[in-house]
Amino acid sequence: MKLVEAIQIKHYVKDRLLFDIDQIQIHKDDRIGLVGRNGCGKTTLLNVLAGKILPETGNVIRHTSCELLPQLKRTNTTKSGGEVTQAYINEALVRTPEILLADEPTTNLDTEHMEWLEKKLIDWKGAFVIVSHDRAFLDALCTTIWEIDGTRVKVYKGNYSEYAEQKELEVRQKKLAFEKYEEKKNQLEEALELKVKKAEKATKAPKKVSPIEAKKTKPYFAKKQKKMQKVAKAIETRLEKLEKVEMVKETPPLKMNLPNEDTFKGRIIIRAQAVSGVIGGRVLWNQTSFQVRGGDKLAIIGPNGCGKTTLVKKIVYQAEGITISPSVKIGYFSQNLNILDVEKSTLENVSSTSKQDESLIRIVLARLGFFRDDVYKMVGVLSGGERVKVALAKIFLSDVNTLVLDEPTNYLDLEAASALESLLKEYEGTVIFVSHDRRFIEYVATRILAIRHQKIELFEGTFQQYELDQRVKKRDTKEDQRLVLETKISEVLSRLSIEPSEELEKEFQLLLQEKRKLSK
């Protein structure tokens, strides 16, 4: 059953054609993830589907109620960003629309609240189109992915991981097509060169033939030459008509020259001794001690308001109890884009603080989506997401050996987030980062620092190993609670059998209720 249908949609932003869509449809119970690069028009497309923006040409036919959950949240409130986002989501779902169009609904949500939202949407009866930069979120919810590619919308069946696999298959097919094209092109070029040479030789009579004989055979050789020239022309025509296939760009390996590289790798470079987190009398975490080694990829995780950014700032600004090795040179990313000069180009901004050669700078920028002449664009004309990428590239390529990144994937498109993952994975320096992006943490981190219940716990291992460890601990705790409850139930039952009373019956029912809750 069709709920929304968009036909022959064209929409421009100033002189730029944003999208040119033949037809897209939303059906009953569709679970769609909308992806694409920063600035490709995801938010605009949601607004067109919701009827908030009229396209230049084409029609959007809505057969049912439609609720748009906007990206920009209200700011005139004392609530945290996470609480505001939750309120928006609850208000939208209470109205029970048949279609929910959600633009970055996980903004400002920590991991626990993202999981809360996942459960809400899994249980929700209705169709949705969601724009999100969280791949784990899209994996858990979506059965279809819409990708804005250029001005078109491509439809892929499956969740985000299945979409990524299909994209990889497309790349492999393109590589194979290019190899076949190159092989055929080389064959034709060799055949053409051979025929041209033979045609040149065809006019020459054999050396041992007399001038009279040579004169008699001249028409024969001329005819032979003409025939070969005709074949050569046919090969040339085939070569011209051969459909050109572009070569797939390979990702060049990253090899950077880091300051003091030999003196910090594997050694303790940061010591935190009896460091506590207190803001305005509120305890974020109690006194704690930990160490960071050179080359660590340390993820700092925890719910909103637990003190992750406070801890990062203590490290960067060497607060009391924090000792940093003289070999350490820190590059700090905190969503503050004041480090960029809007009147200079992307390349100029990044080069101004880098000792790396221009070819490496261009490789990093290309991996973040700035190709060829893109590097000469003034930062002032870039979108917010593009500026974040330039700021990240600037810090990444600066003369540092330790990166401290506070929510680096916020406002990055999925392609850029994936590219940043790869860059950090290959980076031979130290990376300390705060993130709620579960896939990003899973891919990059080698150690986990978790802030929960006013405590800091350092876990030696990946995020996947950490989550498994937490599940085991939770299961063991539940098992202990179950045994205690069963002992209490047995005790109350024995007392009920000897001298029954309303009070004991009530206690028995409450214990049973607790047991049922624990089982769930």
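All chains use their own residue numbering, which begins from 1 and follows the written sequence. Totals for whole chains, interfaces and linings use all residues, but because this is a predicted model, local features are given only for residues with pLDDT of at least 70 and pairs of side-chain atoms are given and counted only at 80 or more. Based on all heavy atoms of the structure, the side-chain values leave hydrogens and waters out of the count.

Q: Please clarify how the side chain of Thr64 should be interpreted in this entry.
A: To qualify as a helix, a DSSP run of H or I must reach at least 4 residues; to qualify as a strand, a run of E must reach at least 2; elements of each kind are numbered from the N terminus. Here Thr64 shows up in the loop between strand E4 (57-62) and strand E5 (66-69). We call two N or O atoms a polar contact when they sit within 3.5 Å, provided that within protein one can donate a hydrogen and the other can accept it, with sequence-adjacent residues counted only if both atoms are side-chain atoms. Here the side chain of Thr64 touches Glu98 through a polar contact of 2.8 Å, side chain to side chain. Here a residue-residue contact requires only that any non-hydrogen atoms of the pair lie within 4.5 Å. If near-sequence neighbours (up to four positions away) are discounted, Thr64 is found in contact with Leu3, Glu98 and Ile99.

Q: How should unusual backbone geometry be read in this particular structure?
A: Where the residue is not glycine, phi is negative for most of them; where a peptide bond is considered, it is trans in most cases. Notably, Ala274 is not glycine yet its phi reads approximately 50°, a positive angle. Of note, Ala274 is situated in strand E10 (residues 268-279). Phi is positive for Gln318, which is not a glycine, with a value near 50°. You can see Gln318 is positioned in the loop between helix H8 (308-316) and strand E13 (322-324). Relative accessibility under 20% of the residue-type maximum defines a buried residue, over 50% an exposed one, and the middle range a partly exposed one, all with a 1.4 Å probe and only protein chains included. A residue is classified by how much of its surface remains accessible, and Gln318, at 46% relative accessible area, is partly exposed.

Q: Just checking my understanding: could you explain the packing of aromatic side chains for this structure?
A: Each aromatic ring pair is described using two quantities: the centre-to-centre distance and the angle formed by the ring planes. Only the six-membered ring of Trp is used, alongside the rings of Phe and Tyr, when aromatic pairs are assigned; centres must lie within 6.5 Å, and planes under 30 degrees apart are stacked while those over 60 apart are edge-to-face, with the rest tilted. The final tally for this structure, using the stated rule, is eight aromatic pairs. Centre to centre, the rings of Tyr160 and Tyr163 are 5.3 Å apart; their planes meet at 50°, and the pair counts as tilted. Linking Tyr160 with Tyr163, this pair stays in helix H5 (residues 160-201), spanning three residues, or about one helical turn. Both residues of the pair, Tyr160 and Tyr163, count as buried. Among the aromatic residues, ring-to-ring pairing joins Tyr156, Tyr160 and Tyr163 into one connected group. Across the ring face of Phe370, the terminal group of Lys389 is positioned such that the distance to the ring centre comes to 5.7 Å. One residue, Lys425, lies across the ring of Tyr443, its end atom 5.2 Å from the ring centre. Charge-over-ring placement is defined geometrically: NZ (Lys) or CZ (Arg) within 6 Å of the ring centre, and within 35 degrees of the ring normal.

Q: Can you help me understand the environment of Lys515 in this one?
A: Position of Lys515 relative to the elements: it lies in helix H15 (residues 502-519). Distance from Lys515 to Lys201, taken between C-alpha atoms, is 97 Å for residues 314 residues apart in sequence. With near-sequence residues (within four places) excluded, Lys515 lies in contact with Leu485, Glu486 and Ile489.

Q: Can you help me understand the side chain of Asp110 in this one?
A: Residue placement: Asp110 occurs in the loop between strand E6 (99-103) and helix H3 (111-123). Buried and unpaired, Asp110 has no salt bridge, with Lys308 as the nearest side chain of opposite charge at 6.3 Å. Among the polar contacts made by the side chain of Asp110, one reaches the main-chain amide nitrogen of Asn304 at a distance of 2.7 Å. Here Asp110 is in contact with Gly302, Pro303, Asn304 and His436, once residues within four sequence places are set aside. The convention is simple: Lys and Arg are positive, Asp and Glu are negative, and His and the chain ends are not counted. Criterion for a salt bridge: a side-chain nitrogen of Lys or Arg within 4 Å of a carboxyl oxygen of Asp or Glu.

Q: Where do I start with H5 in this structure?
A: Expected span of a helix, by definition, is 1.5 Å for each gap between consecutive residues, and there is one gap fewer than residues. If you check H5, its first and last C-alpha atoms are 61 Å apart, about what 42 residues at 1.5 Å a residue would give, namely 62 Å. A distance of 3.2 Å separates the backbone nitrogen of Ser161 from a side-chain oxygen at the start of H5, and that oxygen is part of Asn159.

Q: It is not clear to me how the pattern of salt bridges should be interpreted in this structure. Could you clarify?
A: For side chains of opposite charge, pairing can occur when their charged atoms come near one another. Scanning the model with the defined rule gives 25 salt bridges in all. Here Arg293 and Glu460 are joined by a salt bridge, their closest N and O atoms 3.7 Å apart. You can see Arg293 sitting in strand E11 (residues 282-293) and its partner Glu460 sitting in strand E18 (residues 455-460), a full 167 residues away along the chain. Several salt bridges converge on common partners, so that one network encompasses Arg293, Asp296, Arg447 and Glu460.

Q: Looking at this structure, how should I read the sheet that holds strand E12 (residues 297-301)?
A: Note: strands within a sheet are paired through backbone hydrogen bonds, in either parallel or antiparallel orientation. The criterion for strand pairing is that DSSP finds at least two bridges linking the strands in question. Ordered by their spatial adjacency, six strands build an open sheet running E14-E15-E16-E12-E17-E18, and the pairing between neighbours is mixed. Looking at the sheet topology across the chains shown, the edges are occupied by strand E14 (330-333) and E18. Between one strand axis and the next, the sheet turns by 15° as a mean value, whatever way the strands run. Of the strand pairs in this sheet, strand E15 (residues 402-406) and strand E16 (residues 430-434) are connected by five bridges, and their pairing is parallel. Fitted lines through C-alpha atoms serve as axes, helices being fitted only where they are in contact, and the angles separating the N-to-C directions of these axes extend from 0 to 180 degrees.

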